[in-house]
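Listed below, chain by chain, are the residues.
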Amino acid sequence: MRVIRYIKNNLTKQLAVVTDHNHVMDLPFADFLTLVSEAEKHHQTPLDFVKELIKDQDYKGELSDFKLTTPIDAPEVWACGVTYEKSREARNFEATQGKLDSQTFYDKVYDAERPEIFFKSTSARTVGPDDVVCLRSDSNWQIPEPELGLVINADGQIMGYTLGNDMSCRDIEGENPLYLPQAKIWKNSCSIGPAILLADAVKNPYHLMIMCRIYRNEQLVFKGEARVSQLKRSLDELVSYLIRDNEVYAGTVLLTGTCIVPPNDFTLNDQDVIEIEIPEIGILRNSVKQLISQENIAK
Ligand code: DO4
Ligand code: MG
């Protein structure tokens, strides 16, 4: 069972549930957090609560009939880094100008007790399904990072799973690790969605499989896949570091790191289309827009 929001009458955001048959049914709550707290008031899990709510309801349509938006206005999006072997290899490559067997601080963080966690996005910078993600004007090496996202409450409990795209500039990060915030945060540099898979509907999140496809002029130019079981750390461990001595807000999304990296000679182009998929969650599809620097506009 997945929770989405769709745009109703071109105006308002409607919370709804998607059944295993891709049928959409409206939920009578303003947002995902209200749904979870109402379930709590009824002493039910969100899954049982939703099942009961939709029991005698007719469905409104098929998922493909709706224009989706982010499933939640995540007040903050945080992200983990170097949590998969593939990410360690890629980070070492960009930090050493391609010396594949070099050892760097990325090896240290991969093996350390403390994971890398960084601030990724605010709700204003975070886009949803079918929105545009942007390319920075001052980078020549940009990729999507397909990641499993955890939707947590203020105590760090995982309420659901979503997908995230941690758009990244490999050249800026590789030049100097102190540039990480610029390599990770700019206008429309993060997308989440298309749905939140309720935590109690998932038997084992480590069995989830993530896929990524990139299209250029409607041709597939990159395809990759990975399993969450390849994650070096546990999901609870990642959350426990995020909330340690920290105040997190209900609805925060924690991206858990990437395990899919396009080849080292690949960079995204204007108008590419990125698809990130976990079959149980859906497809997060975004087209790419190149930002033009203010200096170039002035010329
Ligand atoms: O170390 C920098 C960030 C790496 C990252 O975002 C990832 O592994 O997903
Ligand atoms: Mg990442």
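The structure we're discussing is the one just above.
Anyway, here's the lowdown on the structure attached to this text.

## As for helix α3 (residues 85–95)
And then number 1: Residues of α3 that are buried: Ser87, Arg88, Ala90, Arg91, Asn92, Phe93 and Glu94.
And then number 2: Buried positions along α3 lie against α4 (105–111), β10 (142–143) and α5 (170–175).
And then number 3: Positive phi shows up at glutamine 97, right after α3, with a value of about 50°.

## Regarding the sheet that holds strand β16 (residues 219–227)
And then number 1: Strand order in the open sheet formed by 5 strands is β9-β19-β18-β15-β16, with mixed pairing between adjacent strands. Edge positions in the sheet fall to β9 (132–135) and β16, since each has one partner strand and no second. Here the strands of the sheet are splayed against their neighbours by 20° on average, with no regard to which way each runs.
And then number 2: Pairing analysis gives 5 bridges linking strand β15 (residues 209–216) to strand β18 (residues 273–278), with the strands arranged antiparallel. Following the sheet pairing, cysteine 212 is matched in β18 by isoleucine 276.

## Some thoughts on helix α7 (residues 235–243)
And then number 1: Within α7, burial applies to Leu235, Leu238, Val239, Tyr241 and Leu242. Buried residues of α7, seen end-on, are gathered within an arc of 160° and therefore sit on one face of the element.

## Observations regarding the site of ligand 1
And then number 1: With respect to spatial proximity, 16 residues lie near ligand 1, and among them Val82, Ser87, Glu116, Glu173 and Lys184 are the closest.
And then number 2: For ligand 1, an oxygen atom lies 3.2 Å from a polar atom in the side chain of glutamate 173.
And then number 3: One of the backbone nitrogen or oxygen atoms of threonine 258 is found 2.9 Å away from an oxygen atom of ligand 1.
And then number 4: Protein chains shield 99% of the accessible area of ligand 1, which is 280 Å² for the free molecule.
And then number 5: Of all elements in the fold, only β6 (76–81), α3, β7 (116–122) and α6 (180–184) reach the threshold of two or more residues within the shell around ligand 1.

## A look at the environment of glycine 282
And then number 1: Structurally, glycine 282 can be placed in strand β19 (residues 282–290).
And then number 2: Of the residues examined, glycine 282 reaches a relative accessible area of 11% and is grouped as buried.
And then number 3: Taking the C-alpha atoms as reference points, glycine 282 and isoleucine 196, separated by 86 residues in sequence, lie 9.4 Å from one another.
And then number 4: The residues touching glycine 282, leaving out its near neighbours within four places in the chain, are Arg2, Leu163, Pro194, Ile276 and Glu277.

Reading guide: rules and limits
Residues numbered from 1 in each chain as written. Chains lettered and ligands numbered in written order. Predicted model: local features only at pLDDT ≥ 70, side-chain atom pairs only at ≥ 80, totals over all residues. Heavy atoms only, no water. Buried < 20%, exposed > 50% of the residue type's maximum accessible area, 1.4 Å probe, protein only. Helix = DSSP H or I, 4+ residues; strand = E, 2+ residues; numbered from the N terminus. Contact = heavy atoms within 4.5 Å. Pairing = 2+ DSSP bridges. Axes fitted to C-alpha atoms, helices over the stretch in contact; angles between N-to-C directions. Arc of directions from axis to C-beta. Near = heavy atom within 4 Å. Polar contact = N/O pair within 3.5 Å; in protein donor to acceptor, adjacent residues only side chain to side chain. Areas by Shrake-Rupley, 256 points an atom, 1.4 Å probe, with all protein chains shown as cover.

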